[in-house]
Amino acid sequence: MYCTDCGHQMQPTDQFCAQCGHRTASGAASSALPPPRHRLMRSMADKKIAGVCSGIARQYDWDVTLVRVAFLLGIVFHGVGLLVYFLAWITMPRDDMATSNLSYGA
Ligand SMILES: [Zn+2]
């Protein structure tokens, strides 16, 4: 078989082209490798306060609105959400490069 991208000859068991890194059909089907993950970072692209919620939502592929609601509930009912939020604010690095991704409902 040959790479559909660059034409490099590959073994049928190869999941990636050794020449250009293009993912083969078998590689895409097996999904043995997890998709590349973002680092847990505060998203500056679509933040409300400090980008903590959107950063967490992006990291775990959750709906950012649900994350915000969870934080708000934590603040209202326990006061813990506020503490967690500020700890995350302090510890999570900023991500200024990210562009807004509408796929998670921002
Ligand atoms: Zn290739």
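The model shown is predicted, which means the values in this text are computed figures rather than measured ones.

Undergrad: Teacher, can you tell me more about the overall build of the protein chain here?
TA: Secondary structure summary: the protein chain contains four helices and two strands in total. When its helices and strands are written in sequence order, the protein chain yields α-β-α-α-α-β. Here the protein chain holds 106 residues, and 16% of them are scored as buried. In the protein chain, of all internal contacts separated by at least 6 residues, the share reaching a separation of at least 24 is 34%.

Undergrad: I'm lost on helix H2 (residues 52-60) in this one. Help?
TA: One turn of an α-helix holds 3.6 residues; hence residues three or four places apart share an orientation. In terms of residue burial, H2 counts as a mostly covered element, since seven of its nine residues are buried. By the burial criterion, the buried members of H2 are Val52, Cys53, Ser54, Gly55, Ile56, Ala57 and Arg58.

Undergrad: It is not clear to me how the nonpolar core should be interpreted in this structure. Could you clarify?
TA: Generally speaking, a soluble globular protein has its nonpolar side chains buried in company with each other. Counting residues in each nonpolar core, the largest one holds seven residues, listed as Val52, Cys53, Ile56, Ala57, Val64, Val67 and Phe71. Among the elements of the structure, H2 and helix H3 (64-77) are those that each provide at least two residues to this core. In terms of residue count, H2 provides more of this core than any other element does, four residues in total.

Undergrad: Just to check I follow, could you spell out the environment of Phe71 for this structure?
TA: Structurally, the position occupied by Phe71 is in helix H3. The buried category is assigned to Phe71, around which 20 C-beta atoms lie within 10 Å. Along the primary structure Phe71 and Leu82 are separated by 11 residues, whereas in three dimensions their C-alpha atoms are 7.4 Å apart. Here Phe71 is in contact with Cys53, Gly81 and Tyr85, once residues within four sequence places are set aside.

Undergrad: Is there a simple way to explain the confidence of the model for the protein chain in this structure?
TA: Caution applies to low-pLDDT parts of the model: their predicted coordinates are not meant to be read in detail. Here the protein chain averages 74 in pLDDT, while 74% of its residues score no lower than 70. Ranking the helices and strands of the protein chain by mean pLDDT puts H3 first, with 80, and helix H1 (residues 25-30) last, with 64.

Undergrad: Help me understand the packing of H3 against helix H4 (residues 80-91) in this model?
TA: Each pair of packed helices can be summarised by the angle the axes make with each other and by the distance between the axes. Two elements in contact, H3 and H4, have axes separated by 5 Å at closest approach and are oriented at 125 degrees. By the angle between their axes, H3 is oblique relative to H4. Across the interface between the two elements, Phe71, Leu72, Leu73, Gly74 and Ile75 of H3 pack against Val80, Gly81, Leu82, Val84 and Tyr85 of H4. When the residues that make up the contact of H3 with H4 are grouped by side-chain class, the tally is eight nonpolar, two polar and no charged.

Undergrad: Any chance you could explain the environment of Gly51 here in plain terms?
TA: With respect to the helices and strands, the residue Gly51 is situated in the loop between strand S1 (42-43) and H2. Taking the C-beta count within 10 Å as the criterion, Gly51 has 23 such neighbours and is therefore assigned buried. Each C-alpha atom of the pair Gly51 and Ala88 lies 9.7 Å from the other, and the pair is 37 residues apart in sequence.

Undergrad: What is the right way to read H3 from this model?
TA: Between the first and last C-alpha of H3 there are 20 Å, a value that for 14 residues agrees with the 20 Å anticipated at 1.5 Å per step. All of the buried residues in H3 are Val64, Val67 and Phe71. Angular distribution of buried residues about the axis of H3 spans 60 degrees; they occupy a single face of the element. Facing away from the buried side of H3 by more than 90 degrees, the exposed set consists of Val69, Leu73, Val76 and Phe77. Check the buried side of H3 and you find it contacts H2 and H4.

Each value, and the rule that gives it
Residues numbered from 1 in each chain as written. Predicted model: local features only at pLDDT ≥ 70, side-chain atom pairs only at ≥ 80, totals over all residues. Helix = DSSP H or I, 4+ residues; strand = E, 2+ residues; numbered from the N terminus. Buried ≥ 20, exposed ≤ 12 C-beta atoms within 10 Å, placed from the backbone. Contact = placed C-beta atoms within 7 Å. Core = buried A, V, L, I, M, F, W, Y, C linked by C-beta atoms within 7 Å. pLDDT = per-residue confidence, 0-100. Axes fitted to C-alpha atoms, helices over the stretch in contact; angles between N-to-C directions. Parallel < 35°, antiparallel > 145°, perpendicular 65-115°, else oblique. Nonpolar A, V, L, I, M, F, W, Y, C, P; charged D, E, K, R; others polar. Expected span 1.5 Å × (residues − 1). Arc of directions from axis to C-beta.

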